[in-house]
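Now for the letters of each chain:
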Amino acid sequence: MSGFRPKVISLNKKPGQTFGFYLRSEHGEEGHLIRCLEMGGPAELAGLKDGDRLLRVNGTFVDEMPHGEVVDMVTSSGTSVTFYVLDEDSYKQAKAQGVDLANPQKTPAENNKVGSAVPKAKLCYLVNSISGFGFSLSSTEGNPGMFIKLVVPGSVAHNAGLSNNDRLVELNGENIEGLSHSQVVEKIKKAGSSLMFLVVDAKTDEYYKNKSKTIGVWLASIKHLPHKPRVADLSKGPTGFGFSLIYEQNKGGHFIKDIEINSPAQSSGLKEMDRLVAVNSKEVDSWTHDQVVDLIRQSGQSCCFLVMDKFTDKMYKLGNMPPLLFLDTLNDSSLPPSYSEALYLPTHAQPSTPEPERREELKPKLCRMQKSSGSFGFHLNGIEGKDGHFLSEVVKDRAADVAGIKDGDILVEINGINVENRSHDEVVEMIHLSGNSLEMLVATKSVYNQLKANGVNITSQLLGECPEVQVQSTETNRDERQLQDNSNSRPETPTEAARERTSSSSSEDSLDEKL
């Protein structure tokens, strides 16, 4: 059923503009149809085609929803939205074969088997933004439990997979079912900018209550998590696997080091300072260094590693999650792409241009600097009538130049706060208020455009294994961010995407809405 895997399309528009297409419900046709693509509009450039069927909006399956509700979901998404779409021929073929498009990997027999799917809890990872997490926590007297409410479309909570009426079971690996509302709120506030929630929807909650089962991470799906462990299959070369293994007691683990160029280790995707979690499906966290080395040697000419980069490691530890939980869903190709996978989605519709050498370049730069001679040594510029700020006239050998700033770099964050939608005066004021030390997240124009085209929200988390730019100053303190949701604002998400021309058509006896 892999032929029915939908495309992931991210769209962005300016306030007051449209996405450049009509969404229609037509007489005699099933589904929500993409029609009347505007030449050169966001939808056409992103790769949508006339007749495509809309399956998901921001992760929510919509194929069986009333047309008006789907239109409302798209319009309420604001200036950015993510679609899962299937081309017209594949959609009609899937319908004819009885494929459940909510889970296209299943066979029709499985789709028709009542009760075949066991519901799962959800693990949701939230990293705070300037707009807050984007949800409220509610409890009702006489009704035990803490419930997620007022999830703001497009917010951190929404993008993390939370839904209204989900019941909160765990917070950062701790069961909170016996705590009061005020106690849970206090824990959220004290947790800082990162949260790991274990939640259940009403159906899942009822299922496990009837089974008298305790709900924990072992019953959870990880499909909503933005970072995932990686599997690396290695076949020994003439000089071995081509890496060193070290144990770092202060970090509590075994780490990959000194990867040789063109070695089996490099070809498998291993990165410097990946933490080794398992060898041939055997978890090795509690093993000594010598025991792990012996296990690898006993593998012979080939072995399989499960590894984590530092961001994935931090996320799993926050939720007190066993890393091998990842392997349970490894082969489920119907899952939406993870944050890391979305980073490398091809920007063109044709799947013919992956460039491994370019992947490492798709990173912003975190530049810290200390003012010298009364300035940082750059000019801040903006384009009238457009969002965004870029840097120019970088003075050679001054703070900005030493920190790695280049002429034309696009400014994304100042001291950890996103400034892409802020006015020029606001950004200048933030720089002035930072005093003699300044931290800026920037990206070259090429990297910025590619990341935005792939639907990636640019933050310092994208730095991954890349080290920070070498700079002169120590890290500045970041502003404390609001923990509560703000329904009048939403975090920044994707801009323009890839290009492919399409035709358009119209139909009588239809319901349509320009979007």
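Residues numbered from 1 in each chain as written. Predicted model: local features only at pLDDT ≥ 70, side-chain atom pairs only at ≥ 80, totals over all residues. Heavy atoms only, no water.

The condition is simple: UniProt positions are given in the numbering used here, feature names are shortened, and annotations may be inferred rather than shown by experiment.
The name an unreviewed UniProt entry assigns to the protein is PDZ domain containing 1, from the organism Takifugu rubripes. The record held by UniProt for the protein lists under Sequence similarities (unreviewed entry) the comment "Belongs to the NHER family."

1. Section: the overall build of the protein
Put simply, the test is: Secondary structure follows DSSP: runs of H or I at least 4 residues long count as helices, runs of E at least 2 residues long count as strands, and numbering of each begins at the N terminus. Exposure classes here rest on a 1.4 Å probe applied to the protein chains alone. A residue is buried below 20% of its type maximum, exposed above 50%, and partly exposed in between. The contact criterion used is simple: two residues touch if any of their non-hydrogen atoms lie within 4.5 Å. All accessible-area figures derive from a Shrake-Rupley calculation using a 1.4 Å probe, and residue coverage is judged against the displayed protein chains alone.
Broken down by element type, the protein carries 15 helices and 26 strands. Looking at the 515 residues of the protein, the share that counts as buried comes to 46%. Counting contacts in the protein only where the partners sit at least 6 residues apart, residues at least 24 apart contribute 68% of the total. When the accessible surface of the protein is totalled, it reaches about 25,400 Å², and 47% of it is carbon and sulfur.

2. A word on the pattern of salt bridges
What counts here: The term salt bridge refers to a side-chain nitrogen of Lys or Arg lying within 4 Å of a carboxyl oxygen of Asp or Glu.
Tallied over the entire structure, the rule returns 19 salt bridges. A salt bridge links Arg 230 to Asp 274, with the shortest nitrogen-to-oxygen separation between them at 2.3 Å. One end of the pair, Arg 230, is in strand β14 (residues 230-235); the other, Asp 274, is in the loop between α8 (264-267) and β17 (275-279), with 44 residues separating them in the sequence. For Arg 230, a relative accessible area of 24% translates into the label partly exposed. Taking the relative accessible area as the measure of exposure, Asp 274 reaches 0% and is therefore buried. A cluster of three or more residues bridged by salt bridges with shared partners is formed by Glu 29, Arg 53, Glu 88 and Lys 92.

3. Quick word on the side chain of Ser 299
Heads up, the condition is: Pairs of N or O atoms are called polar contacts if they sit within 3.5 Å, as long as, within protein, a hydrogen donor faces a hydrogen acceptor (for residues adjacent in sequence, only side-chain-to-side-chain pairs).
Tracing the chain through its elements places Ser 299 in the loop between α9 (289-298) and β19 (302-308). Here the side chain of Ser 299 touches Asn 280 through a polar contact of 2.9 Å, side chain to side chain. Dropping the residues within four chain positions of it, Ser 299 is found in contact with Val 279 and Asn 280.

4. Description of the packing of aromatic side chains
Heads up, the rule is: Here a pair means two rings of Phe, Tyr or Trp (six-membered ring of Trp) with centres within 6.5 Å. Their orientation is stacked below 30 degrees between planes, edge-to-face above 60, and tilted elsewhere.
Taken as a whole and assessed by the stated rule, the structure comprises six aromatic pairs. Centre to centre, the rings of Phe 133 and Phe 135 are 6.4 Å apart; their planes meet at 50°, and the pair counts as tilted. Looking at Phe 135, the relative accessible area reads 6%, which means it is buried. Through a chain of ring-to-ring contacts, three or more aromatic side chains come together here, namely Phe 133, Phe 135 and Phe 197.

5. Describing the environment of Tyr 91
Along the polypeptide, Tyr 91 turns up in helix α3 (residues 88-96). Residues Tyr 91 and Leu 55, spaced 36 residues apart in sequence, show a C-alpha to C-alpha distance of 9.6 Å. With near-sequence residues (within four places) excluded, Tyr 91 lies in contact with Glu 30, Gly 31, Arg 53, Leu 55, Asp 63, Leu 86 and Leu 101. A distance of 3.4 Å separates a polar atom in the side chain of Tyr 91 from the backbone nitrogen of Gly 31.

6. Some details on the pairing of strand β4 (residues 53-57)
Here is the rule: Any two strands between which DSSP finds at least two bridges are classified as paired.
A large share of β4 lies buried, amounting to five of its five residues. Sheet analysis places β4 next to strand β6 (residues 80-86), joined by four bridges and oriented antiparallel. Looking at the pairing, Arg 53 lines up with Leu 86 of β6. In terms of strand pairing, β4 meets strand β5 (residues 60-61) through two bridges, oriented antiparallel. The partner of Arg 56 across the bridge, within β5, is Phe 61. Taking the residues between adjacent antiparallel strands as the criterion, β4 and β5 are bridged by two residues, where Asn 58 takes a positive phi near 50°.

7. Considering the confidence of the model for the protein
Rules: The predictor reports its confidence for every residue as pLDDT, a score running from 0 up to 100.
Summary statistics for the protein give a mean pLDDT of 76 and a share of 77% for residues scoring 70 or more. Ignoring residues within four places in sequence, the model shows residues 331-360, a span with pLDDT below 50, making 54 contacts including any to other chains. Confidence drops under a pLDDT of 50 for residues 465-515, and excluding neighbours within four residues, the segment shows 169 contacts in the predicted structure.

8. Digging into unusual backbone geometry
Of note in this structure, Asn 165 is not a glycine but carries a positive phi near 80°. Examined against the element boundaries, Asn 165 turns out to sit in the loop between α5 (156-159) and β10 (167-171). Looking at Asn 165, the relative accessible area reads 42%, which means it is partly exposed. The phi dihedral of Asp 397 falls on the positive side, at around 70°, and the residue is not glycine. Asp 397 sits in the exposed class, given a relative accessible area of 56%.

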